[in-house]
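Now for the letters of each chain:
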Amino acid sequence: MEKLEIESVEVVPLRIPLGDSPIHRFGRDAGGPRGFGCTAIWVHTKGGPSGFGYCFQTGGGATASVAAFVRDVLAPRATGQDALAPEAVWHSLWRANTSAMRGGIAAWALSALDTACWDIVAKAAGLPLHRVLGGFRSRVPVYGSGGLRDFADSELVEELNSFVAQGITAYKFKIGGLAATAGQSTDEQRIALLRKEAGDDFTLYADANQAYTPAEAVEVAAMLRHYGVAWFEEPVPADSVDDIVQVASESAVPIAVGENVYFRWGFRELCTRGAAAILQPDVGVCGGVTEFRKVAALAESFNLALCSHLAHEISVSLVGASPAGMTVEYADLLPHDFWARPLEVRDGCLEVPGVPGHGVELAPEARERYALK
Ligand SMILES: [Mg+2]
């Protein structure tokens, strides 16, 4: 096939309501309205398949702005280009908007559009995207993610056990950020509880969401080490690589970062400066599939582990494609009628979708039901 011309780009902002389970307090925790956002994009080609791409806006804001950036800035430039050359499309959209592409809204928009182009490439090839990218393994372990700081102890244990029941052998919980209030356990008490409940062989990860200063983080790392916590995620502000390096150099617990890091350059700096042992790109943030696969190559080159941030339904294909791929973050956040083909955890693993493309599709009714109005 010589060329598949992009005929149009369709963009639909979605608002995802949150339910009543404890993990759905996430929307409130993130400081946004109750619910969070998803910008859905379809790239249509002349006489060929359409591709789907998306990015989430945790906290709920900015979805309309991401959609507007796609519609007003990226779509006109992408139209007429060859969807089978995602590197060329990516480069032209980035090059024309380098001032805006500092992260945030513009980068999320580019990420979603890029993901749609890769979906087209794989569909046109008649192959799962996972195989187009190298197809390293088709079953990938997940870790259960949740454990918000305001969970009651009983909720923490209940969530842990719900993951264990799915054969999952690792759990991530939040630390820092909220001072313990009357009647609420401290971080250390929560970790001790989880360790006791899960047993010594179970893997625990702690996520601070950038809550600490470097000095605080070094102290917390020593406590985490005591309980055998296997990674310490975003201990300090993600924008300050100096601070991450400082913590990494003094922490016996490996540092994980990446959900707020943009493009290959952001990850390259983490790698060359020894800031992290685990890289956690988010395909809807980092610059799409084009950049995710470069981060995968960096992880492999620097002998680091590649994990993903949220979006397990597509991340399983990307993490599974790379020899550096370790585990996929799994949080049960979306309504169960959101995707046409929801994935199910079996024996602690997700299976890569075996259909042409990345296999992620919005359920037909979801588009109307969850439209941002
Ligand atoms: Mg995190």
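It should be emphasised that the depicted structure is a prediction, and the values quoted were computed from it without experimental measurement.

What follows is about the nonpolar core. In terms of nonpolar packing, the biggest core is built from 121 residues, with Ile41, Val70, Ala109, Leu113 and Ala276 touching the most fellow members. Considering each element in turn, this core owes the most residues, 14 residues, to helix 4 (residues 104–125). Three or more residues apiece are contributed to this core by two domains, here domain 1 (6–127 + 365–369) and domain 2 (131–351).

Turning our eyes to something else, we now look at the domain arrangement of the protein. Assigned domains within the protein: domain 1 (6–127 + 365–369) and domain 2 (131–351). In this assembly, 27 residues from domain 1 lie in contact with 26 residues from domain 2. Within the residue set of the side of domain 1 that touches domain 2, elements represented by two or more residues are helix 1 (26–29), strand 3 (51–57), helix 3 (86–95) and helix 4. Broken down by element, the side of domain 1 that touches domain 2 gets its largest block of residues, 11 residues, from helix 4. A class-by-class count of the residues in the side of domain 1 that touches domain 2 yields 19 nonpolar, 3 polar and 5 charged.

Note that Ala106 resides in helix 4. According to the C-beta neighbour criterion, Ala106 is buried, with 23 such atoms within 10 Å. The spatial distance from the C-alpha of Ala106 to the C-alpha of Trp231 is 30 Å, given a sequence separation of 125 residues. Discounting chain neighbours no more than four positions away, the residues touching Ala106 are Phe69, Asn97, Ala100 and Met101.

Turning our eyes to something else, we now look at helix 3. Every buried residue of helix 3 is accounted for by Pro86, Val89, Trp90, Leu93 and Trp94. All buried residues of helix 3 project into a common sector of 125° when viewed along the axis, lining one side. Facing away from the buried surface of helix 3 by more than 90 degrees, the exposed residues are Glu87, His91 and Arg95.

This brings us to the sheet that holds strand 3. Spatially, the 3 strands line up as an open sheet ordered 1-2-3, and their pairing is antiparallel. The open sheet is flanked by strand 1 (6–16) and strand 3, the only strands paired with a single partner. In this sheet, neighbouring strand axes are inclined to one another by 15° on average, regardless of whether the strands run parallel or antiparallel. For strand 2 (residues 36–45) and strand 3, the ladder comprises 7 bridges, and the chain directions are antiparallel.

Bringing the environment of Gln280 into the picture now. By secondary structure assignment, the location of Gln280 is in the loop between strand 9 (278–279) and helix 11 (288–301). According to the C-beta neighbour criterion, Gln280 is buried, with 28 such atoms within 10 Å. Taking the C-alpha atoms as reference, Gln280 lies 4.8 Å from Ser308; in sequence the two are 28 residues apart. Setting aside residues up to four positions removed in sequence, Gln280 forms contacts with Ala256, Val257, Gly258, Glu259, Cys307, Ser308 and His309.

Rules used throughout
Residues numbered from 1 in each chain as written. Predicted model: local features only at pLDDT ≥ 70, side-chain atom pairs only at ≥ 80, totals over all residues. Core = buried A, V, L, I, M, F, W, Y, C linked by C-beta atoms within 7 Å. Buried ≥ 20, exposed ≤ 12 C-beta atoms within 10 Å, placed from the backbone. Helix = DSSP H or I, 4+ residues; strand = E, 2+ residues; numbered from the N terminus. Domains from an automatic or database assignment. Contact = placed C-beta atoms within 7 Å. Nonpolar A, V, L, I, M, F, W, Y, C, P; charged D, E, K, R; others polar. Arc of directions from axis to C-beta. Pairing = 2+ DSSP bridges. Axes fitted to C-alpha atoms, helices over the stretch in contact; angles between N-to-C directions.

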